[in-house]
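Observations on chain architecture
Letter by letter, the chains look like this.
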Amino acid sequence: MKKIIGQIVFITIIMSNVSFAGIYDLEVNAGSSTLEARFNATLPLEKGFLSTGLGATYNDDDYKIADVKLTRGNEILLPALRFNLGFKGLWGNIEKDHKDGDLMAIGFLFSGKYTIPETISLIPIEVSVGFSLAPDPVCFLDSDRYLEFRTSLGFCIVKNGAIILGYRYIKVGFDDDHGEWEMSDETFFVGYQLRY
């Protein structure tokens, strides 16, 4: 398992260092008690594109989750409509009601993004949605299931930046020394994305 996670991290670092024809973005979001930071690299392929990314989400003392993702995507029907399919590796620590569990999982990731053009709105607006699921066979340590749903609007106020308004829902199930228990959290967030 450590070897697989190590390989995913290695691929992400290599892809992040490729400097030709790629789009890189750095995003920081904050909610009422949650902070999220993420770095993504989108690299063109002969057909479609490859996306890699590193992220971390922190919620006061309730949870700390780090993730690494690797997806393959393509534009479908419209040039501004993109879909990605791939994997998301997760590692973290969850606390709830004096219970403490360790999360490790490899989730299946589906995401999509559509850019509403300036001909329809005054500024370009990016509508994003992402869904990640890790059932019991791909969960390790104390965790036995993981679900995440995330959606956002990105208002592209400048050429290389966007203000982000979004919603995130996370649900993690455990089977450990405390028996079966789960933690869920939902938050609205606001942030900024810088592209280069």
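Residues numbered from 1 in each chain as written. Predicted model: local features only at pLDDT ≥ 70, side-chain atom pairs only at ≥ 80, totals over all residues. Heavy atoms only, no water.

Some remarks on the environment of Leu 122
Mapped onto the secondary structure, Leu 122 falls in the loop between strand 6 (99-116) and strand 7 (125-134). Put simply, Leu 122 and Ile 157 are 35 residues apart on the chain and 9.9 Å apart in space, counted from C-alpha to C-alpha. (Helix = DSSP H or I, 4+ residues; strand = E, 2+ residues; numbered from the N terminus.)

Some thoughts on the packing of aromatic side chains
This model, assessed by the stated rule, comprises six aromatic pairs. Taken together, a centroid distance of 5.8 Å and an interplanar angle of 50° make the contact between Phe 87 and Phe 108 tilted. Pair noted here: Phe 87 is in strand 5 (residues 81-96) and Phe 108 is in strand 6, with a separation of 21 residues, a long-range link. Site record: aromatic cluster; members linked through ring pairs are Tyr 24, Phe 39 and Tyr 196. (Phe/Tyr/Trp six-rings, centres within 6.5 Å; stacked < 30°, edge-to-face > 60°.)

Considerations on unusual backbone geometry
The phi angle at Asp 97 is positive, at roughly 50°, despite the residue not being glycine. Note on placement: Asp 97 falls in the loop between strand 5 and strand 6. Not every positive phi belongs to a glycine, and His 98 is a case in point at roughly 65°. By the element assignment, His 98 lies in the loop between strand 5 and strand 6. According to the relative accessible area criterion, His 98 is exposed, its value standing at 84%. (Buried < 20%, exposed > 50% of the residue type's maximum accessible area, 1.4 Å probe, protein only.)

Details of the nonpolar core
One finds Ile 65, Ile 94, Leu 103, Tyr 146, Ile 170, Val 172 and Met 183 to be the most contacted residues of the largest nonpolar core, which totals 14 residues. Looking at this core element by element, the count peaks at three residues for strand 10 (residues 161-176). Apart from residues no more than four positions distant in its own chain, Val 172 is found in contact with Leu 103, Ser 143, Arg 145, Tyr 146, Trp 181, Glu 182 and Met 183. (Core = buried A, V, L, I, M, F, W, Y, C linked by side-chain atoms within 4.5 Å. Contact = heavy atoms within 4.5 Å.)

Quick look at the confidence of the model for the protein
For the protein, per-residue confidence averages 87 on the pLDDT scale, and residues scoring 70 or more make up 89% of the total. Averaged pLDDT values for the elements of the protein fall to 48 in helix 1 (residues 2-17) and rise to 96 in strand 7. Of the regions scoring below 50 in pLDDT, residues 11-21 engages in 19 contacts with residues more than four places distant in sequence or in other chains. (pLDDT = per-residue confidence, 0-100.)

So, a negative patch on the surface
On the surface, a cluster of negative charge is contributed by Asp 60, Asp 61, Asp 62, Glu 95, Asp 100 and Asp 102. Looking at the element boundaries, Asp 102 is found in strand 6. Asp 102 gets classed as partly exposed once you look at its relative accessible area, which sits at 34%. (Patch = residues over 30% accessible without salt bridge, like charges linked within 9 Å, V, L, I, M, F, W, Y side chains within 5 Å. Areas by Shrake-Rupley, 256 points an atom, 1.4 Å probe, with all protein chains shown as cover. Salt bridge = Lys/Arg side-chain N within 4 Å of Asp/Glu carboxyl O. Lys, Arg positive; Asp, Glu negative; His and termini not counted. Charge placed at Lys NZ, Arg CZ, Asp CG, Glu CD.)

Observations regarding the pairing of strand 4 (residues 63-75)
With eleven bridges connecting them, strand 3 (residues 49-59) and strand 4 associate as antiparallel partners. Each residue of the ladder has a partner; that of Phe 49, found in strand 4, is Gly 73. Hairpin connection from strand 3 to strand 4: three residues lie between these consecutive antiparallel strands, with Asp 60 at a positive phi of about 35°. Here strand 4 pairs with strand 5 via 13 bridges, running antiparallel. The partner of Val 68 across the bridge, within strand 5, is Gly 89. (Pairing = 2+ DSSP bridges.)

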